[in-house]
Amino acid sequence: MSKVPIFQSLTAEQIDIVIELTTYSKHKKDDVLCIQGDPADLFYIIVSGTCSVHVGDHRQRVGSLREFEYFGESILVANGTPTRNATVIVESEQLQVLSLSSVDLENLMAMGILTSEMITQVELAARTRLELSNSITSRSGGNGERKITEAEEEELKRKILPG
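From a predicted model like this one, the values you see are computed outputs, not experimental measurements.

Calculation criteria
- Residues numbered from 1 in each chain as written.
- Predicted model: local features only at pLDDT ≥ 70, side-chain atom pairs only at ≥ 80, totals over all residues.
- Heavy atoms only, no water.
- Salt bridge = Lys/Arg side-chain N within 4 Å of Asp/Glu carboxyl O.
- Helix = DSSP H or I, 4+ residues; strand = E, 2+ residues; numbered from the N terminus.
- Buried < 20%, exposed > 50% of the residue type's maximum accessible area, 1.4 Å probe, protein only.
- Phe/Tyr/Trp six-rings, centres within 6.5 Å; stacked < 30°, edge-to-face > 60°.
- Pairing = 2+ DSSP bridges.
- Contact = heavy atoms within 4.5 Å.
- Axes fitted to C-alpha atoms, helices over the stretch in contact; angles between N-to-C directions.

Asker: Just to check I follow, could you spell out the pattern of salt bridges for this structure?
Answerer: Where charged atoms from two side chains of opposite charge approach closely, those side chains can pair. For the coordinates displayed, the defined rule picks out four salt bridges. Of the charged contacts, one joins Asp-31 and Lys-28 as a salt bridge, the two residues approaching to 3.3 Å between their closest N and O atoms. Asp-41 is paired through a salt bridge with Arg-84; the nearest N and O atoms lie 3.6 Å apart. One end of the pair, Asp-41, is in the loop between β2 (32–34) and β3 (42–48); the other, Arg-84, is in the loop between α2 (74–77) and β7 (87–90), and 43 residues separate them in sequence. Relative accessible area serves as the criterion here: at 5%, Arg-84 is assigned to the buried category.

Pasting the structure below:
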């Protein structure tokens, strides 16, 4: 857990508390973990495997997520009912994730484990991901049909992925 960017500053005891609150799950290739526009109810941390990230009606691929990266941060930073900014699909043969609910995250904040500095870091990542998602959707005319180039995908990965 200490390899996850937002948890790097936590003590061993704090990491144990975070782990106790997580739910472990395994998924197989092509499983859809979340769909853009759906209510956001979980924060995911990838333990092993990879996922592809898609936006727009035609699920245009905009990047990948891998071991020790996270997604679902909109439940930490959104006002009101948060929604998913992208669709995330399992890319590897198997994916292992830990998830935290909004209640779990609130408990971590109340305990002082999840600090305002950590929330700010996550908020920045969330804003960047949302801006890029909106940018891709608008560049493709909203229908997701325009393919992005390999160079554009690499640039998006650099900007979207944490760390």
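Asker: Please explain the packing of aromatic side chains as it appears in this structure.
Answerer: In this description, an aromatic ring pair is defined by two values, namely the gap between the centres and the angle between the planes. On inspection of all chains with the given rule, the structure shows two aromatic pairs. Where Tyr-44 meets Phe-71, the ring centres are 4.7 Å apart and the plane angle is 15 degrees; that geometry is what we call stacked. Taken as a pair, Tyr-44 in strand β3 and Phe-71 in strand β6 (residues 70–71) lie far apart in primary sequence, 27 residues in all. Note on Tyr-44: relative accessible area 9%, which makes it buried. Exposure remark for Phe-71: the relative accessible area of 4% places this residue in the buried category.

Asker: Looking at this structure, how should I read the sheet that holds β6?
Answerer: Spatially, β1-β8-β3-β6 is the arrangement adopted by the four strands of the open sheet, whose pairing is antiparallel. Pairing within the sheet leaves two strands with one partner each, and these edge strands are β1 (23–28) and β6. Relative to strand β8 (residues 94–101), β3 runs antiparallel, the two being bridged by six bridges. Bridge pairing links Phe-43 to Leu-100 in β8. Sheet strands in contact with helix α3 (residues 102–110) are β3 and β8, and its direction is about 60 degrees off that of β8.

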